[in-house]
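Next come the chains, spelled out residue by residue.
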Amino acid sequence: MHKYLILSFLLIFVFACSDSKQTIIDIPITSDVEDLIEHSKEFDQQVLTFDTPGGKVHFAIGFGIANSIMVEGDEGNIIIDTSDSVFEAEKIYTLFRKKNSNPIKAIIYTHNHGDHTFGASYYVNLQNEKPQIIAHEDTDYYVQRIMGILNPIITSRSTKMFGTALPEKDLINVGIGPSLSVSKSPTGYIKPNLTFKDNLNLNIAGIEIELFHAPGETNDQIFVWLPEHKSLMPGDNIYKTFPNLYTIRGTTHRDVKGWIDSIDHMKSFSPSFLFPSHTKPIIGVDKIQSALNTYRDAIQFIHDQTIRLMNQGLYPDEIVEMISLPKHIADSPYLYEFYGTVRWSVKSIFNGYLGWFSGNPSELDPLSRKEKAIRISRLAGGNDKLLDQLKVAVENNDMQWALELSDHLIALDYFIDEVKDLRIDALIYEGSRSSNPNKRNYFLSSALELNGSILDTPLTDRTSEELLQNISIDTLFDVLSSRYNPINHTDDNFKVCFNFSSSKSKSITLRNQVAVVSDDIVQNCNIKILTEELEFKKILVGISNPVSLIASGSMGVDGSTTEFLQFLAKFR
Ligand SMILES: [Zn+2]
């Protein structure tokens, strides 16, 4: 990668396993994870075929994270969700095609997440007649946001949560699938070309299709109802684990109330077949109604009780200790905490309605992490005493307390090897005893990262030219403004204008330590750039070098080339 790589932000996996010198950490298999190991059977890799009243439905499970579904029509089939990668899509379609090789007429995304959309380009490039790509009207917005401004942090946290960098033997499963395969091939997202707001009725290859907006796990979630097949595809609004009302990789508030309404909407069709995008199908009206009831009641219980206690003035950490699922449904296999948890959900619901401030005045402007650590250390009698307490905590397997004590020592810059080793012990102990794979993978990955067995270096850049075509130039300019480092700010009102051959114009003005992006007709420009959108996208993601593009004439610079390169460097 060359030195002009300024925004290596697109879908780069940030962790790689190192085969060098680090001590190998042995992660024990504890009795606490027996259920989780058993849960892996849910994801035995296979294609299941169902004869519904409307025709055959093929269901691929155990490939990457999300399922992929093929519905047979007359001389054409449709695909619902494309799996998490081109790599898995190819494996799936090789099996689907053996069942029925008619062309794919349409792809339906149930929502924006990569495990449902990143396999699409495989189908699009497979045949001459391009399939329609159908989704909710907001799906592309959310994809662009995840691939754009939020990419570095979401990628880093997802890598830990899904245990992508863990040794294979230590990854049991990820709760809703065996493992994430996104890093195995270039990202195959293709922008939808048919979208809708509330609902849409279609007939494709003779298949009657009704699509409904169904906010829940994501705001752009939809469900698919095939009336002739008596089949419903709920996307991620139900799977066989407690719902992810909050995801620890990071998300804005999920519409919990909308989720309940969406499940009620699904129930109203009385489907005979339910084909979720994670975990196995549910067959039979009664079983489906019962699962949907349990799921929506659990969500409503957590929602309503959080609100009730919140209105009494209780703080989120207090509410967390007071809420557990009603006995009657707590043992339902649809509510095992193999993905979401009640505790994280409560905090997320509180935060969704009231924001981050608990209401406790002492938490409005608390001491900084470092200041607090200094006071705690003073109380304990110094850093060495704090370290003694950390050792005692680890000896007693009081590991959450050990983690908190090590937080203080780290804030005090007292991160000596002994502290690091004790923190690793605590992470491994807690991680290996959690039957929630998100927590397990996050803790174990964090331990390996501390130990140096996981390196914080780029491994795979999955950006392809095809992907860049599907990422809008607006997304990339948004990323530019959020990558601007004000330390490098020098000239106020320095303006660079871009005229793309698509006839689109953009400008960036540096002022008051922000990079202001505008679509305005460009004037008063210090530098004018004339190029193709794709060429500029390639520079931004580091595929192309601006110096060679300028030298070859693919990029015209009206102004000082040196100044332009210095300008780009401010976004590094
Ligand atoms: Zn999913």
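Calculation rules
Each chain carries its own residue numbering, running from 1 in the written order of its sequence. Thresholds applied to this predicted model are a pLDDT of at least 70 for local features of residues and 80 or more for the giving and counting of side-chain atom pairs; totals over whole chains, interfaces and linings are not thresholded and use all residues. As a rule here, side-chain values come from all non-hydrogen atoms in the structure, and water together with hydrogens is ignored. Classification of residues uses two cut-offs on accessible area relative to the type maximum, computed with a 1.4 Å probe and protein chains only: under 20% is buried, over 50% is exposed, and between them is partly exposed. By the criteria applied, helices consist of DSSP H or I runs no shorter than four residues and strands consist of E runs no shorter than two, each listed in order from the N terminus. By this definition, two strands are paired if DSSP reports at least two bridges between them. Working convention: axes come from line fits to C-alpha atoms, limited for helices to the stretch in contact. Angles between N-to-C directions cover 0 to 180 degrees. Should any heavy atoms of two residues lie within 4.5 Å, those residues are counted as being in contact. Donor criterion used throughout: N, O or S atom within 2.8 Å of the metal, extended to 3.2 Å for Na, K and Ca. Water excluded; incomplete-looking sites may result. By the criteria applied here, four donors are tetrahedral when all angles lie between 85 and 135 degrees, four are square planar and six octahedral when opposite donors are over 155 degrees apart and every other angle lies between 65 and 115, and any other arrangement is irregular. Here a Phe, Tyr or Trp ring, Trp counted by its six-membered ring, pairs with any other such ring whose centre lies within 6.5 Å, and the pair is stacked when the planes are under 30 degrees apart, edge-to-face when over 60, and tilted otherwise. Lining residues are those with an atom within 4 Å of a point, where the points come from a 1 Å grid over the protein atoms alone and group into cavities, where a 1.4 Å probe fits but cannot get out, or pockets, open sets with protein on both sides within 12 Å along at least five of seven lines. Grid points are joined across faces, edges and corners, and a volume is the space filled by probe spheres set on the points. In the scheme used here, Gly and all other residues not listed as nonpolar or charged are polar, with Ala, Val, Leu, Ile, Met, Phe, Trp, Tyr, Cys and Pro taken as nonpolar and Asp, Glu, Lys and Arg as charged. Identification of polar contacts relies on pairs of N or O atoms within 3.5 Å, with a donor-acceptor requirement for protein atoms, meaning one able to donate a hydrogen and the other able to accept it, and with residues adjacent in sequence counted only if both atoms are side-chain atoms. Here the angle decides the label: under 35 degrees means roughly parallel, over 145 means roughly antiparallel, 65 to 115 means roughly perpendicular, and every other value means oblique. When the near helix sits turned anticlockwise from the far one by under a right angle, the crossing is termed left-handed; a clockwise turn instead gives a right-handed crossing. Here a patch means residues that are over 30% exposed by relative accessible area and free of salt bridges, tied together within 9 Å if like-charged and within 5 Å if nonpolar (Val, Leu, Ile, Met, Phe, Trp, Tyr). For accessible areas, the Shrake-Rupley method is used with a probe of radius 1.4 Å. Any residue's cover is judged against the shown protein chains and nothing else. Each reported salt bridge corresponds to a side-chain nitrogen of Lys or Arg within 4 Å of a carboxyl oxygen of Asp or Glu.

Student: Honestly, the pairing of strand E17 (residues 505-511) in this entry has me stumped. Any pointers?
Tutor: As a general feature of sheets, a regular strand has side chains that alternate between the two faces. Counting buried positions along E17 yields six of seven residues, so the element is predominantly enclosed. For strand E16 (residues 494-500) and E17, the ladder comprises six bridges, and the chain directions are antiparallel. Across the sheet, residue Cys-497 finds its bridge partner in E17, namely Ser-507. The antiparallel pairing of E16 with E17 creates a hairpin that spans four residues between the two strands, and Ser-503 there sits at a positive phi of about 75°. Bridge count for E17 against strand E18 (residues 514-518) is five bridges, and the pairing is antiparallel. What sits directly across from Thr-509, in E18, is Val-516. Hairpin connection, E17 to E18: the antiparallel pair is bridged by two residues, and Asn-512 has positive phi, about 50°.

Student: Help me understand the sheet that holds strand E20 (residues 556-558), please; the structure alone is not making it clear to me.
Tutor: What links the strands of a sheet is backbone hydrogen bonding, and the strands pair in either a parallel or an antiparallel sense. Read from one edge to the other, the open sheet built from five strands follows the order E18-E17-E16-E19-E20, with strand pairing classed as mixed. Taken across any chain shown, the strands that pair with only one partner, and hence form the sheet edges, are E18 and E20. Averaged over all pairs of adjacent strands, the angle between strand axes in this sheet comes to 15°, irrespective of strand direction. Strand direction decides the pairing type here: E16 and strand E19 (residues 527-531), joined by five bridges, are parallel. Each residue of the ladder has a partner; that of Cys-497, found in E19, is Lys-528. Where helix H18 (residues 473-483) meets the sheet, its contacts fall on E16, E17 and E18, and the angle it forms with E17 comes to roughly 5°.

Student: Whenever I open this one, the coordination of the zinc ion confuses me. Can you help?
Tutor: Tetrahedral coordination by four donors sets the ideal angle at the metal to 109.5 degrees; octahedral coordination by six donors sets it to 90 or 180 degrees. Distances from the zinc ion to its protein donors, Asp-115 (OD), His-116 (NE2), Asp-236 (OD) and His-278 (NE2), fall within 2.1 to 2.5 Å. Coordination at the zinc ion is irregular, judged from the four donor atoms that bind it and the angles of 87 to 171° they form at the metal. Sequence spacing of the donor residues for the zinc ion, all on one chain, is D-H-x119-D-x41-H. Taken together, the residues span a long stretch of sequence, with Asp-236 in the loop between strand E12 (231-233) and helix H7 (256-267) and His-278 in the loop between strand E13 (273-274) and strand E14 (282-283) at a distance of 42 residues. With relative accessibility at 1%, the residue Asp-236 sits in the buried group.

Student: I keep staring at the packing of aromatic side chains and nothing clicks. Help me out?
Tutor: The geometry of an aromatic ring pair is captured by the separation of the ring centres together with the interplanar angle, meaning the angle of the planes. By the definition in use, this model includes 26 aromatic pairs. Measuring from ring centre to ring centre gives 5.8 Å for Tyr-239 and Tyr-339, while their planes differ by 85°; the resulting arrangement is edge-to-face. Here Tyr-239 is found in the loop between E12 and H7, whereas its partner Tyr-339 is found in the loop between helix H10 (327-330) and helix H11 (342-354), with 100 residues between them in sequence. Its relative accessible area of 1% is what places Tyr-239 among the buried residues. Classification of Tyr-339 as buried rests on a relative accessible area of 3%.

Student: In this structure, what is going on with the layout of surface pockets? I would like to understand it.
Tutor: Using a probe with the size of a water molecule, rolled over the atoms, empty space left in the structure can be pinpointed. One number sums up the size of the largest pocket: a volume of about 2,100 Å³. In this structure, the largest pocket is lined by 42 residues; those nearest its centre are Trp-344, Lys-347, Gln-400, Glu-404 and Asp-407. Of all the secondary structure elements, the ones that give two or more residues to the lining of the largest pocket are helix H6 (151-161), helix H9 (316-322), H11, helix H12 (369-380), helix H14 (399-411), helix H15 (417-432) and helix H16 (437-451). If you tally residues by element for the lining of the largest pocket, the top one is H16, at six residues. Here the lining of the largest pocket is composed, by residue class, of 15 nonpolar, eleven polar and 16 charged.

Student: What is the right way to look at the sheet that holds strand E5 (residues 77-80) in this model?
Tutor: Strand order in the open sheet formed by seven strands is E2-E3-E4-E5-E6-E7-E8, and the pairing between neighbours is mixed. Among the strands making up the open sheet, the edge pair consists of strand E2 (46-52) and strand E8 (194-196). Sheet twist, expressed as the average angle between the axes of neighbouring strands with direction ignored, equals 20°. Helix H2 (residues 86-99) rests against E2, strand E3 (55-61), strand E4 (68-72), E5 and strand E6 (104-108) of the sheet, and its axis sits at about 20° to E4.

Student: I tried to follow the environment of Arg-423 on my own but got confused; where do I start?
Tutor: When you line up the elements, Arg-423 lands in helix H15. By relative accessible area, which is 18% here, Arg-423 ends up buried. Separated by 32 residues in the primary sequence, Arg-423 and Lys-391 have C-alpha atoms spaced 9.8 Å apart. Excluding residues that lie within four positions of it along the chain, Arg-423 makes contacts with Leu-403, Ser-406, Asp-407, Ile-410, Phe-415 and Leu-450. Here Asp-407 takes part through its side chain, which lies 3.0 Å from a polar atom of the side chain of Arg-423.

Student: Looking at this model, I keep getting lost on the packing of H15 against H16. Mind explaining?
Tutor: In helix packing, the relevant descriptors are the interaxial angle and the interaxial distance, both defined with respect to the helix axes. Contact pair H15 / H16: the axes reach a minimum separation of 8 Å and the direction vectors enclose 160°. Between H15 and H16, the angle falls in the class roughly antiparallel. As for the relative orientation of H15 and H16, their crossing is left-handed in sense. Residue-level contacts link Lys-420, Arg-423, Ile-424, Leu-427, Ile-428, Glu-430, Gly-431 and Ser-432 of H15 to Lys-439, Arg-440, Phe-443, Leu-444, Ser-446, Ala-447, Leu-448, Leu-450 and Asn-451 of H16.

Student: Please clarify how H6 should be interpreted in this entry.
Tutor: Helical geometry: 3.6 residues make up each α-helical turn, so side chains three or four residues apart lie on a common side. Along H6, eight of the eleven residues are buried, which leaves the element largely enclosed by surrounding structure. Considered for burial, the residues of H6 that qualify are Asn-151, Ile-154, Thr-155, Ser-156, Ser-158, Thr-159, Lys-160 and Met-161. Buried-residue contacts for H6 involve helix H5 (139-147) and H16. Of the residues flanking the end of H6, it is Gly-163, one or two places downstream, whose phi is positive at about 60°.

Student: What am I meant to see in a nonpolar patch on the surface here?
Tutor: Where nonpolar side chains cluster on the molecular surface, the patch consists of Ile-149, Leu-150 and Ile-153 and spans about 230 Å² of accessible area. Tracing the backbone shows Ile-149 in the loop between H5 and H6. You can call Ile-149 partly exposed: its relative accessible area is 38%.

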